[in-house]
Amino acid sequence: MGNNLGISNTDDEEPSSNGTTRRDFLAQITYAGAGLTLVPLLAGTKDILPQAPPPNAETATINLTVNGQKHALNIDERTTLLDALRENLQMTGTKKGCDHGQCGACTVLINGRRVNSCLTFAAMCQGKEIITIEGLAKGDRLHPMQEAFIKHDAFQCGYCTPGQICSAVGLVNEGHVHNDADIHELMSGNICRCGAYQNIVDAIKEVQNIA
Amino acid sequence: MNEIIGKPIDRVDGKLKVSGGATYSAEYFPKNMVYGVLVLSTIPRGRIRNIDTSQAERVKGVVGIMTYKNSMSLHFPQGTDPGSGKYAEKDLLPLQNNRIYYDGQVIAAVMAETFEKAEYAAKLVKVDYETESAIFDLKANISKSYKPSSGGSQLQLKRGDADAAWQNAEVKMEQTYTTPVYHHNAMEPHASVAEWNGDQLMVYDATQAVAGVKSLLASMLGLPPEKVKVVSLYIGGGFGSKGFTWPNPIVTAMAAKMVNCPVKLVLSRQQMFTTAGRRSETIQKIALASNSSGKLTVIKHDTISESSFVDEFVETAGLATSMLYSCPNVEISHSLVRLNKVTPCPTRAPGEAPGTYAIEAAMDELAYQLKMDPIQLRLLNYAEMDEQKQKQFSSKNLKECYQRGADAIGWSQRNPQPRSMRKGNYLVGYGMATATYLANRIASAAKATLYADGHAEILSATQDIGTGTYTIMTQIAAEAFGLPVDRVTVKLGDSDYPRGANSGGSQVTASVGPPIRAAALAVIGKLISLAVSDTASPLHGRKEEDIIADNGRMYLKNHTDRGESYTEVLNRKGLQKLEAQAKTNVSTREPQGSNAVATGGADAAAEEESKTNPAVQEDQNVDRKLYSFHSFGAQFVKVLVDPDLGTVKVDKAVAVMDIGKVLNLKTAKSQIMGGMIFAIGMALLEGTAYDPNNGRVVTRDLAQYLVPVNADMPQFDIQFIDQPDPYISPIGAKGIGEIGITGMTAAIVNAIYHATGKRVRELPVTLDKLI
Ligand code: FES
Ligand code: FES
């Protein structure tokens, strides 16, 4: 493995006086809502972005339990769960589509609930049970949701698929699905640009046993 | 014979894709790899006066920052295939000087040991600009439009005398239709991992053209082609955005050279809005005239679209119009306006997607004006031949598409009067339109190998961008080899393989299927000759044409028990494997034959072998100049519109497609459905907003650029005519990736008019336009 698996304890970046962090800025974008209200924000990007670096980014040892396996990672505190999985653990089954909680490609199950791993710091997940797409099959036997996705052609490029499947498994566990419309609605946080939506619904129906 | 082609088998890469095992380009970790993050310009035009990287450099873990000041020089791409992996902006090679032509242009790359550090440091790069005045609004700059020099004569078409016929016409309809800028937004961001070993370059790149990117990188970096290898095993969708090559793989390779270790560089979703292409805005003026019974006498289709100051791209919205209907007087024109925005590029059904929206909405308007059923109007003006090219269509079963589509949607229940149908509080509308896309085919090559253990392998440097290429090529190969599907492995996405088509223009199936078939047949041909000349074989001395190869066995046509397995022959002969290569030099593009790409000898062996390959020869001997190659289809939709809120729900969508032979009903349906969903976005949701003050993209993420989600889905009914096209190839299949989006947008807009009585001519039809 390369040196991307976490850099040893260093006092990285210099302290800042009062800069706005990237994540503050993102939060502002998110709160701004509809497109055109952003104009003043974007126009002034130069002023909001840090003029001097923000406070130290530390590295920390973070313990993650992924698919039943424990890992101790010495990583940048800013690392999202998504990047910790993909870059540090090199478990690339979980996908990055937007890094902003807007597409669902990064969906994993944390303590059984579906979560956007790009919006979750790895450090927040210590002591929690994380299940990714790599952890759904039992040995060579696929999870019924994985089988159903294949049977119903519920993907094309496959890039949104791990997120869709984790989301679908979470959905079934949540127990709120009573009909097709519920599935359509409750799977709407997972974008599929290839347009496999109807087949995804069919796959979930099969697993849910809805006629 | 065990028929495999046509069967709705599951995707062969399905298991990998559902278990997280399929590796996309960002998912490689060469030793000592570092992370690259791009810095983009924040002004639409001007110069960089100063770029200050000192703060960014001080971030620990940063290993290099590349700007125009310290980057290596690039060569202008030369002699590379314009149709495959073309560099998107010929006059703007990345990081070569301080000029800014649009907002969001690549101006620096920051490399660091972790992604977090690179991203952080990238934010600390300070740029001082000298801003110059810029233009970015198409409508406000129509006066600057010009007729493009690229694209040749086919962009401006004329037959008959449209002006004279217009003067005397009984019924006239003239309207302008507009479409906004659209972004592809494939779910996988553009990503590259580049690694140098001495002067040998290896790049994992998310591309629709591994072979093209290889040639391009070699040419721009000044390397011999054999020094470059490009791999793209799985691609998370492209839709055109990964068809041309954007700066990212080139910058990644330059950066890896500079910092002397492998670099991974992935675009953020925001960056994809300015440095990975887009569909141009269009303004389309359509004029239709007919006699009082509805026979068309004039069709005019004038398109104005955007280009940039660093390259020229034409959204060819009017091309399909020239052959869509029978009409004596036709005029098609395309003009461009150069703007300070990233250059547009092909987007799913380039030309046809916005073009069929405009012409098919206009046909609907004319039908209402004539008080005629819109299907009737289309049948009355049915084109039996391509009247522009004066050629027969290679195949066309469009009448049957209209008929079956009308039945499936329940057209007979439609009260033609606008705003006359209701379901509860909702207004109900029905609409239809014609779908069409080019049936492209270009030169391609493949290699086939049969191994002594009885399994077979195909290699071709094309790629599966999610369309199902791995699966249908496996079916084609399995049938030609006479093997079950699970004994055939198709390997794509590696530029070392014989050159296959780029994944664009819906051409891979038609282009790569035939050489795969021909190469596999050649292997089996060799095997049969081995058997008949071998005294130890039960087939010894038999005529080759009397022998059937199927399910891993060769046997006599009339004595099925008389034969032996493939492995028996190979083992007896002590052969590990039998190989063959094939290249089909066939093109349906205009002018035909000219885009048989010079591959610099790479496929010389395949070409040589193909001279004696009967399957290739027979295929190449078809005189395709006699035909016009298109796919056709009919789209029907039912919409529900809330009269108070103006919200539109597509309730049911029907497509009946005539795309030649269907190779796999399951993946084919998915392809069409995906296209139709793209059209739902185009009609109702999508559109990129630019800040009118500074030309910056405002809707630069997936919360603001809305694409269809699961809750937007109608009920689908997708059907196929499934008649092979006798001229496109021995397989008879045409492409299918793009036609699904065509016509569909118009069908939705036409249904909205039927539901509400409101004709919206500016896409997308958002609720504010309906209340
Ligand atoms: S990557 Fe997390 S929601 Fe898109
Ligand atoms: S399968 Fe491609 S985005 Fe869903």
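Remember, it's a predicted structure, so these values are computed and weren't measured experimentally.

(A) Here's a closer look at the overall build of chain A. Summing up its helical and strand segments, chain A has eight helices and five strands in all. Ordered by position in the sequence, the α and β elements of chain A form the string α-α-α-β-β-α-β-β-β-α-α-α-α. For chain A, with 211 residues in total, the buried portion stands at 56%. Of the contacts made within chain A by residues no fewer than 6 positions apart, 59% connect residues no fewer than 24 positions apart. Summing over all exposed atoms, chain A offers an accessible surface of approximately 8,600 Å²; the carbon and sulfur share of this is 52%.

(B) Layout of the packing of helix α17 (residues 665-685) of chain B against helix α18 (residues 744-756) of chain B. Residues and elements named next belong to chain B. Closest axis-to-axis distance for the α17/α18 pair is 8 Å, and the angle between their directions is 50°. Relative to α18, the element α17 is oriented oblique. The chirality of how α17 crosses α18 is right-handed. Residues Met676, Ala679, Ile680, Met682, Ala683 and Leu684 of α17 form the contact with α18, whose own contacting residues are Met744, Thr745, Ile748 and Ile752. A breakdown of the residues in the contact of α17 with α18 according to their chemical character gives nine nonpolar, one polar and no charged.

(C) Just the interface of chain A and chain B, in detail. With 74 residues of chain A at the interface, the matching set in chain B holds 74 residues. Between chain A and chain B, roughly 6,300 Å² of surface is buried when both sides are summed, and carbon and sulfur atoms account for 56% of that area. Three residues stand out in chain A for area buried against chain B, namely Gln156, Arg193 and Tyr197 of chain A, and they jointly supply 14% of the buried area on that side. Connecting chain A to chain B are six salt bridges. A salt bridge links glutamate 87 of chain A to lysine 264 of chain B; the nearest nitrogen and oxygen atoms lie 2.6 Å apart. At the junction of chain A and chain B, the tally comes to 29 residue pairs in polar contact (both at pLDDT 80 or more). Looking at the side of chain A that touches chain B, the elements that each hand over two or more residues are α1 (22-32), α2 (39-43), α4 (81-88), α5 (144-151), α6 (161-174), α7 (180-186) and α8 (197-208) of chain A. Here the side of chain A that touches chain B takes five residues from α8 of chain A, the largest share from any one element. Its residues placed into classes, the side of chain A that touches chain B shows 31 nonpolar, 24 polar and 19 charged.

(D) The arrangement of the domain arrangement of chain B in detail. All names here are of chain B. Split by domain assignment, chain B resolves into domain 1 (383-436 + 629-769) and domain 2 (440-622). Contact with domain 1, which involves 17 residues of that partner, is made by 21 residues of domain 2. Across the domain 1 to domain 2 interface the summed buried area is about 1,500 Å²; carbon plus sulfur atoms make up 61%. Taken as a group, Leu663, Pro730 and Ile731 account for 31% of the area that domain 1 buries against domain 2, more than any other trio of residues on that side. At the junction of domain 1 and domain 2, the tally comes to zero salt bridges.

(E) Broad picture of the environment of arginine 45 of chain B. Residue and element names in this part refer to chain B. Along the chain, arginine 45 turns up in the loop between β1 (34-40) and β2 (46-52). Along the primary structure arginine 45 and glutamate 544 are separated by 499 residues, whereas in three dimensions their C-alpha atoms are 69 Å apart. When near neighbours in sequence (up to four residues on either side) are disregarded, arginine 45 contacts Arg99, Ile100, Glu130, Thr131, Glu132, Ser133, Ala134 and Asn340.

(F) Seen up close, the sheet that holds strand β19 (residues 426-438) of chain B. All names here are of chain B. One open sheet holds the five strands; their spatial order is β18-β19-β28-β29-β30, and the pairing between them is mixed. Both edges of this open sheet fall to β18 (421-423) and β30 (715-720), since each of them pairs with a single strand only. Here the average twist between neighbouring strands, direction ignored, is 30°. In this sheet, strand β29 (residues 648-658) lies alongside strand β28 (residues 630-641) in antiparallel orientation, the contact comprising 10 bridges. Bridge pairing in β29 links lysine 638 to lysine 652. Helix α11 (residues 398-409) contacts β19, β28, β29 and β30 of the sheet and is inclined by roughly 20° relative to β28.

(G) Region of interest: unusual backbone geometry. Residues and elements named next belong to chain B. The residue after leucine 763, namely proline 764, is reached through a cis peptide bond having omega -5°. By secondary structure assignment, the location of proline 764 is in the segment after α18. In this structure, arginine 419 is a non-glycine residue whose phi angle is positive, near 55°. Given the relative accessible area of 43%, arginine 419 is considered partly exposed.

(H) Highlighting helix α6 (residues 247-259) of chain B. Residue and element names in this part refer to chain B. A rise of 1.5 Å per residue sets the reference length of α6, with its 13 residues, at 18 Å; its end C-alpha atoms lie 18 Å apart and thus fit the reference within 8%. By the criterion of burial, α6 is predominantly enclosed, with 11 of the 13 residues buried. Turning to α6, its buried residues number three or more, namely Pro247, Asn248, Pro249, Ile250, Val251, Thr252, Ala253, Met254, Ala255, Ala256 and Val259. Note on α6: the residue one or two positions beyond its end, asparagine 260, has a positive phi of about 65°.

Quick notes on the rules
Residues numbered from 1 in each chain as written. Chains lettered and ligands numbered in written order. Predicted model: local features only at pLDDT ≥ 70, side-chain atom pairs only at ≥ 80, totals over all residues. Heavy atoms only, no water. Helix = DSSP H or I, 4+ residues; strand = E, 2+ residues; numbered from the N terminus. Buried < 20%, exposed > 50% of the residue type's maximum accessible area, 1.4 Å probe, protein only. Contact = heavy atoms within 4.5 Å. Areas by Shrake-Rupley, 256 points an atom, 1.4 Å probe, with all protein chains shown as cover. Axes fitted to C-alpha atoms, helices over the stretch in contact; angles between N-to-C directions. Parallel < 35°, antiparallel > 145°, perpendicular 65-115°, else oblique. Left-handed = near helix turned anticlockwise from the far one by under 90°. Nonpolar A, V, L, I, M, F, W, Y, C, P; charged D, E, K, R; others polar. Buried area = accessible area lost by both parts, 1.4 Å probe. Salt bridge = Lys/Arg side-chain N within 4 Å of Asp/Glu carboxyl O. Polar contact = N/O pair within 3.5 Å; in protein donor to acceptor, adjacent residues only side chain to side chain. Domains from an automatic or database assignment. Pairing = 2+ DSSP bridges. Expected span 1.5 Å × (residues − 1).

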